[in-house]
Amino acid sequence: MASSDVDILGDGSLFSDQIPSEMDALCPSPPGPSRPQRNYERLGGQTGTSFCQTLIHLLKGNIGTGLLGLPLAVKNAGLVLGPVSLFFMGIIAVYCMKVLVACSHHLSAKMSRPSLTYGEAVQYGMENVSWLRRHSKWGKRTVNLFLIITQLGFCCVYFVFLSDNVKQVVEAANATTISCSVNYTNQTQLLIDSFDSRLYMLCFLPFIIMLVFIRNLKILAPFSLLANVAMTLSLVLIYFYSFTNITYPINLPKVGQAKDYPLFFGTAIFAFEGIGVVLPLENKMRQPHRFPVVLYLGMGIVTFLYISLGTIGYMCFGENINGSITLNLPNCWLYQAVKLLYCFGIFITFALQFYVPAEILIPSAVARVPERWALTVDLALRTILVIFT
């Protein structure tokens, strides 16, 4: 499944020069010449992604499980300080993304390259500083290492999210009704004991392993589309319930305690997880000069979603808000279905997030074994990585 953007070093180095990403899975590079010989990333052409496709991918890269935890984050920061902090964090994130793209343009022009990966941008940037020049390759490898840790971390969160939400649906199944009457505790009732969450993770394990065995992610494209639709429908229903069940007067603290603000900051930073898709998207865009418009529009939508869901969710559920807003939805089949729909979207997204560490780690290992063992080693390493998460 190795993307054409991924070149394996002749010495079988663990960290390759070309860094794959989730966007390589969503919009894989066309067959043909290697990256330095292609010019569609900078000069446009029919092989790049369109404006709308790039916008959709940018939104998908920023909307995940972190969004559902923002109401709790706002609780930790306060009803006023939380949204204001999210707004400024959104501005900083957009600025950093803009600077990242500008640096990539400058260095790629200086090195006569059509585009650069994250590792290459770090490497060539360090080569411009005399006392860092001899450590530039380590800078590239460090970035690769951080990418691996980050993406596997997302996969770990997905495992926990799937197990907790499905566990709650199963435990409340006997009491789940058609009526969605307002329950002011806004807490799904747990009426029967069930297995520990770790056993639910164990149940998901074989299915996720089979999912990541699909090395050509083009096969997952129809499921990815369905996952996007399911997650969008889930968010619409979550907004509807939260907005229509806000209780007045609202007596919530405007500013939280100082000791809780780091919890807000950690959750918010996790939600802004789309920095890893910026360069791959800009590199693959059919008309890259329009990428700043995509960036401003897409991150504007993302920041609005973060602020609005975080604020409305906290106003609705108050001090009873859980780590994920889906765990606060009422005991009716409509909102239990919301959890299952979002779980389906996260389940499919697991394969896309897993693509990044798999394509950094596995090709170098496969290159060290005879060809007849290549497939076996590939699948074995995928299994080990999934079990590790």
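Higher on the page you've got the structure.
1. Let's talk about the overall build of the protein chain
Secondary structure assignment for the protein chain yields 15 helices and zero strands. Partitioning the contacts of the protein chain with sequence separation of at least 6, the portion at a separation of at least 24 is 83%. When the accessible area of the protein chain is evaluated, it comes to approximately 17800 Å², of which 69% is carbon and sulfur surface.

2. Considerations on a nonpolar patch on the surface
On the surface, a cluster of nonpolar side chains totalling about 450 Å² of accessible area is made up of Val80, Val84, Phe87, Phe88 and Ile91. With respect to the element layout, Phe87 can be found in helix H6 (residues 81-110).

3. Considerations on the pattern of salt bridges
Within the structure shown, the criterion is met by four salt bridges. Linking Arg113 and Glu120 is a salt bridge whose minimum nitrogen-to-oxygen distance equals 3.1 Å.

4. Let's talk about helix H5 (residues 70-77)
Taking burial as the measure, the eight residues of H5 include six buried ones, the bulk of the element. When we look at burial in H5, the residues that qualify are Leu70, Pro71, Ala73, Val74, Asn76 and Ala77. Elements in contact with the buried residues of H5: helix H4 (65-68), H6, helix H11 (261-271) and helix H13 (291-317). Looking one or two places after H5, you find Gly78, whose phi comes out positive at around 115°.

5. With respect to the packing of aromatic side chains
One pass over the structure, following the stated rule, counts nine aromatic pairs. With a centroid separation of 5.0 Å and 65° between ring planes, the pair formed by Tyr241 and Tyr335 is classed as edge-to-face. Linking Tyr241 in helix H10 (residues 221-244) with Tyr335 in helix H14 (residues 333-366), this pair joins segments that are 94 residues apart in sequence. According to the relative accessible area criterion, Tyr335 is buried, its value standing at 3%. With centroids separated by 5.2 Å and ring planes inclined at 40°, the aromatic side chains of Tyr261 and Phe264 adopt a geometry described as tilted. Residue Tyr261 and its partner Phe264 are located together in helix H11, separated by three residues, close to a single helical turn. What links up through ring pairs into an aromatic cluster is the set Phe159, Phe350 and Phe354.

Cut-off values and rules
Residues numbered from 1 in each chain as written. Predicted model: local features only at pLDDT ≥ 70, side-chain atom pairs only at ≥ 80, totals over all residues. Heavy atoms only, no water. Helix = DSSP H or I, 4+ residues; strand = E, 2+ residues; numbered from the N terminus. Contact = heavy atoms within 4.5 Å. Areas by Shrake-Rupley, 256 points an atom, 1.4 Å probe, with all protein chains shown as cover. Patch = residues over 30% accessible without salt bridge, like charges linked within 9 Å, V, L, I, M, F, W, Y side chains within 5 Å. Salt bridge = Lys/Arg side-chain N within 4 Å of Asp/Glu carboxyl O. Buried < 20%, exposed > 50% of the residue type's maximum accessible area, 1.4 Å probe, protein only. Phe/Tyr/Trp six-rings, centres within 6.5 Å; stacked < 30°, edge-to-face > 60°.

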